[in-house]
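Take a look at the letters that make up each chain.
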Amino acid sequence: MSDTAKRMAALAAAELVQNGMCLGIGTGSTAEHFISILGERVQSGLSITGIATSDRSAAMCRRLGIGLTSLDETPVLDLAIDGTDEFDGGLNLIKGGGGALLREKIVAAAAKRFIVIADGSKQVDVLGAFPLPIEIIPMARIPISRRLADLGASVALRLDAAGTPFQTDEGHWILDSAFGPKISAPEAFAKDLSAWPGVVEHGLFCGMTERVLVATADKVTTIRS
Ligand code: 5RP
């Protein structure tokens, strides 16, 4: 069901794509549905360029013949489409489950419109049941972990399949920080976290999302900010 819902949301997002657009292209299983639909459209003659939010999404785009560019060449994007791990009623997000939050935030911020695609399980009243990913400089791991623990989070360094620290596409580490569903003032917390030395980026996306296309059962609903 969840996979069907992800595809339904991705199909709804693909309808917003028009010829000639430059698109931000997200990361994760929902975004991969979007990339696959985009690939089919490109093979049928749609002309777009994309900026991918991860090496993995970029590789998938290349396989499907979706042309890629960079923010150097195209600093302003028409539209960015991405998934999310959670969203609340104010369209604040927790992202980064796939480890791409830094590039995802850069691309979303460069887009005139940022639209999120999700299945219904991602909608929450209060953010935080999903552990908040925080991308850090490795040297700052312990001080940042202690500060997070002081705020009540249970903190885990993300590991890869070999049991060594997971490295983001930009070479940083991720602290998955479980607060429980208690992040009731995400904007203030986001600002606070951004000022901590050693934090490169965090997975709170506040005030960025134009709308969420959320698929539940047999329909896609649009939730606007
Ligand atoms: C990757 C992300 C993804 O958008 C998020 O993890 C959702 O993934 P999925 O669509 O697989 O549930 O932020 O960094």
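Residues numbered from 1 in each chain as written. Predicted model: local features only at pLDDT ≥ 70, side-chain atom pairs only at ≥ 80, totals over all residues. Heavy atoms only, no water.

Caption draft 1: Expanded view of the packing of helix H1 (residues 2-14) against helix H2 (residues 29-43). Two numbers describe how H1 lies on H2: the axes approach to 8 Å, and their chain directions differ by 50°. Accordingly, the angle class assigned to the pair H1 and H2 is oblique. Both H1 and H2 take part in a crossing whose hand is right-handed. From H1, Asp3, Lys6, Arg7, Ala10, Leu11, Ala13 and Ala14 reach across to H2, where they touch Ser29, Thr30, His33, Phe34, Ser36, Ile37, Glu40 and Arg41. Each residue belonging to the contact of H1 with H2 can be placed in one class, and the counts come to 6 nonpolar, 4 polar and 5 charged. (Axes fitted to C-alpha atoms, helices over the stretch in contact; angles between N-to-C directions. Helix = DSSP H or I, 4+ residues; strand = E, 2+ residues; numbered from the N terminus. Parallel < 35°, antiparallel > 145°, perpendicular 65-115°, else oblique. Left-handed = near helix turned anticlockwise from the far one by under 90°. Contact = heavy atoms within 4.5 Å. Nonpolar A, V, L, I, M, F, W, Y, C, P; charged D, E, K, R; others polar.)

Caption draft 2: Quick peek at the domain arrangement of the protein chain. Annotation of the protein chain at the domain level lists domain 1 (3-123 + 206-224) and domain 2 (132-200). At the junction of the two partners, domain 1 supplies 14 residues and domain 2 supplies 15 residues. A combined buried area of about 1,100 Å² lies between domain 1 and domain 2, and 61% of that area is made up of carbon and sulfur atoms. In this structure, Glu170 and Arg103 form a salt bridge, with 2.8 Å as the shortest nitrogen-oxygen distance. Put simply, domain 1 and domain 2 have 5 residue pairs in polar contact (both at pLDDT 80 or more) between them. In terms of residue count, the dominant contributor to the side of domain 1 that touches domain 2 is helix H4 (residues 101-110) (3 residues). (Domains from an automatic or database assignment. Buried area = accessible area lost by both parts, 1.4 Å probe. Salt bridge = Lys/Arg side-chain N within 4 Å of Asp/Glu carboxyl O. Polar contact = N/O pair within 3.5 Å; in protein donor to acceptor, adjacent residues only side chain to side chain.)

Caption draft 3: Highlighting the site of the ligand. Looking at the ligand, there are 17 residues lining it, with Ser29, Thr30, Asp85, Gly96 and Lys122 nearest. Between the ligand and the protein, one listed contact pairs an oxygen atom with a backbone N or O atom of Thr27 at 3.1 Å. Among the cavities detected, the one that contains the ligand is the largest pocket. Partitioned by chemical class, the residues of the shell around the ligand number 1 nonpolar, 10 polar and 6 charged. (Near = heavy atom within 4 Å. 1 Å grid on protein atoms, 1.4 Å probe; cavity = no way out; pocket = protein on both sides within 12 Å on 5 of 7 lines; lining within 4 Å. Sits in = over half its atoms within 2 Å of the grid points.)

Caption draft 4: A look at the environment of Pro165. Tracing the sequence through the fold places Pro165 in the loop between strand E9 (154-157) and strand E10 (173-178). Sequence spacing of Pro165 and Pro138 is 27 residues, and the spatial spacing of their C-alpha atoms is 9.4 Å. Those residues in contact with Pro165, other than ones at most four positions away along the chain, are Leu157, Arg158, Leu159, Asp160 and Trp173.

Caption draft 5: Region of interest: the nonpolar core. Within the largest apolar cluster, 26 residues are counted, with the highest numbers of intra-cluster contacts made by Val17, Leu23, Phe34, Leu38, Ile48, Ile66 and Ile117. Mapped onto this core, the elements with two or more residues apiece are H1, strand E1 (22-25), H2, helix H3 (55-63), strand E4 (79-82), strand E7 (114-119) and strand E13 (211-216). Sorting elements by how many residues they give to this core places H1 first, with 6 residues. Other than its neighbours up to four places away in sequence, Ile48 contacts Val17, Gln18, Gly20, Met21, Leu23, Leu38, Val42, Ile66 and Gly67. By size, the runner-up hydrophobic cluster in this structure holds 22 residues, among which are Val124, Leu175, Phe179 and Cys206. (Core = buried A, V, L, I, M, F, W, Y, C linked by side-chain atoms within 4.5 Å. Buried < 20%, exposed > 50% of the residue type's maximum accessible area, 1.4 Å probe, protein only.)

Caption draft 6: Inspection of the packing of aromatic side chains at higher detail. Evaluated as defined, the whole model comprises 2 aromatic pairs. Taking 6.3 Å as the distance between ring centres and 35° as the angle between the ring planes, the aromatic pair formed by Phe114 and Phe205 counts as tilted. You can see Phe114 sitting in strand E7 and its partner Phe205 sitting in strand E12 (residues 204-205), a full 91 residues away along the chain. Per residue, the accessibility class of Phe114 equals that of Phe205, and both read buried. One residue, Lys95, lies across the ring of Phe205, its end atom 5.7 Å from the ring centre. (Phe/Tyr/Trp six-rings, centres within 6.5 Å; stacked < 30°, edge-to-face > 60°. Lys NZ or Arg CZ within 6 Å of the ring centre and 35° of its normal.)

Caption draft 7: The arrangement of unusual backbone geometry in detail. A positive phi angle, close to 60°, is found at Leu91, a residue other than glycine. With respect to the element layout, Leu91 can be found in the loop between strand E5 (86-87) and strand E6 (93-94). The buried category is assigned to Leu91, whose relative accessible area is 1%.

Caption draft 8: Seen up close, the layout of surface pockets. There is about 170 Å³ of room inside the largest pocket. In this structure, the largest pocket is lined by 14 residues; those nearest its centre are Thr27, Gly28, Thr84, Asp85 and Gly98. Considered class by class, the residues forming the lining of the largest pocket number no nonpolar, 9 polar and 5 charged. (Points joined across faces, edges and corners; volume = space filled by probe spheres on them.)

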